[in-house]
Amino acid sequence: MNNTDLVFQSYGRCCRKDEFFVDFYDFFMSGSDTIRNRFLKTDMEAQRHLLRNGIMQLILHARGMSDRKLRALGESHNRNHYDIKPEWYTLWLEALLKTVRQHDPHYTPELGKAWRDVLNPGIDLIRGAY
Ligand code: HEM
């Protein structure tokens, strides 16, 4: 199986429980008050659903799907809109990896590496639109 298939299946195991997304935002926000403050007025229930789809877009991008949806995320996150600083994406990915490690019963360090390799090009696209 190639990396994108491994990550696709791992994500399927993670998504079985909504707690995956609850834990992700807990980890992500606990790293920095600046990040927590960005979500003060956010409906987190809705945000968790949006993120579920957003991570899927990153994986589909690695599988060769069109850039259109990621370019739209790049636009909404850039300096003129949510103003998400490029360095925050590192925290985002670390929080995600921590959550995967905790939730996927088949987690291995190699699988963690596969997640990084699969997601990074899509993350770079969003971050690069800053
Ligand atoms: C909104 C995905 C990184 C903060 C969203 C939405 C999606 C999403 C799907 C909703 C659609 C939209 O408004 O365009 C992602 C993905 C990321 C990422 C896939 C990583 C590659 C970040 C980072 C931050 C952040 C690093 C830093 C704080 C926000 C905020 C919103 C948002 C503040 C709007 C919340 C609201 O509507 O109140 N994100 N995001 N995102 N994201 Fe991200």
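Anything mentioned here points back to the structure above.
Calculation rules
Residues numbered from 1 in each chain as written. Predicted model: local features only at pLDDT ≥ 70, side-chain atom pairs only at ≥ 80, totals over all residues. Heavy atoms only, no water. Donors = N, O, S within 2.8 Å, 3.2 Å for Na, K, Ca; no water. Helix = DSSP H or I, 4+ residues; strand = E, 2+ residues; numbered from the N terminus. Axes fitted to C-alpha atoms, helices over the stretch in contact; angles between N-to-C directions. Parallel < 35°, antiparallel > 145°, perpendicular 65-115°, else oblique. Contact = heavy atoms within 4.5 Å. Nonpolar A, V, L, I, M, F, W, Y, C, P; charged D, E, K, R; others polar. Phe/Tyr/Trp six-rings, centres within 6.5 Å; stacked < 30°, edge-to-face > 60°. Salt bridge = Lys/Arg side-chain N within 4 Å of Asp/Glu carboxyl O. Buried < 20%, exposed > 50% of the residue type's maximum accessible area, 1.4 Å probe, protein only.

1. Let's talk about the coordination of the iron atom of the ligand
Logical step 1: There is one protein donor for the iron atom of the ligand, and it is H77 (NE2), at 2.1 Å.
Logical step 2: Structurally, the position occupied by H77 is in helix α5 (residues 68–77).

2. Here's the deal with the packing of helix α1 (residues 3–14) against helix α7 (residues 109–128)
Logical step 1: Interhelical geometry of α1 versus α7 gives an angle of 105° and a closest axis separation of 9 Å. As judged from the angle between their axes, α1 and α7 are roughly perpendicular. Taking contact as the criterion, the partners of N3, T4, L6, V7, S10, Y11 and R13 in α1 are, on α7, L111, A114, W115, D117 and V118.
Logical step 2: Taken together, the residues that form the contact of α1 with α7 break down as seven nonpolar, three polar and two charged.

3. So, the packing of aromatic side chains
Logical step 1: In the structure shown here, the tally under the stated rule is nine aromatic pairs.
Logical step 2: Between F20 and F21, the ring centres sit 5.0 Å apart and the planes meet at 85°, which makes this aromatic pair edge-to-face.
Logical step 3: Between F28 and F39 the ring centres are 6.4 Å apart and the planes differ by 65°, which places this aromatic pair in the edge-to-face class. Of the two residues, F28 sits in helix α2 (residues 19–30) while F39 sits in the loop between α3 (33–38) and α4 (44–62), which places them eleven residues apart along the sequence.

4. Focus on the pattern of salt bridges
Logical step 1: Per the counting criterion, the structure on display carries seven salt bridges.
Logical step 2: Here D5 ties to R63 by a salt bridge, and the two come within 2.5 Å at their closest N and O atoms. Taken together, the residues span a long stretch of sequence, with D5 in helix α1 and R63 in the loop between α4 and α5 at a distance of 58 residues.
Logical step 3: A relative accessible area of 25% means that D5 is categorised as partly exposed.
Logical step 4: A salt bridge links R52 to D18; its shortest N-O distance comes to 2.9 Å. Of the two residues, R52 is situated in helix α4 and D18 in the loop between α1 and α2; the sequence distance between them amounts to 34 residues.
Logical step 5: On the accessibility criterion, R52 (26% relative accessible area) is partly exposed.
Logical step 6: Overall, the relative accessible area of 45% leaves D18 in the partly exposed class.

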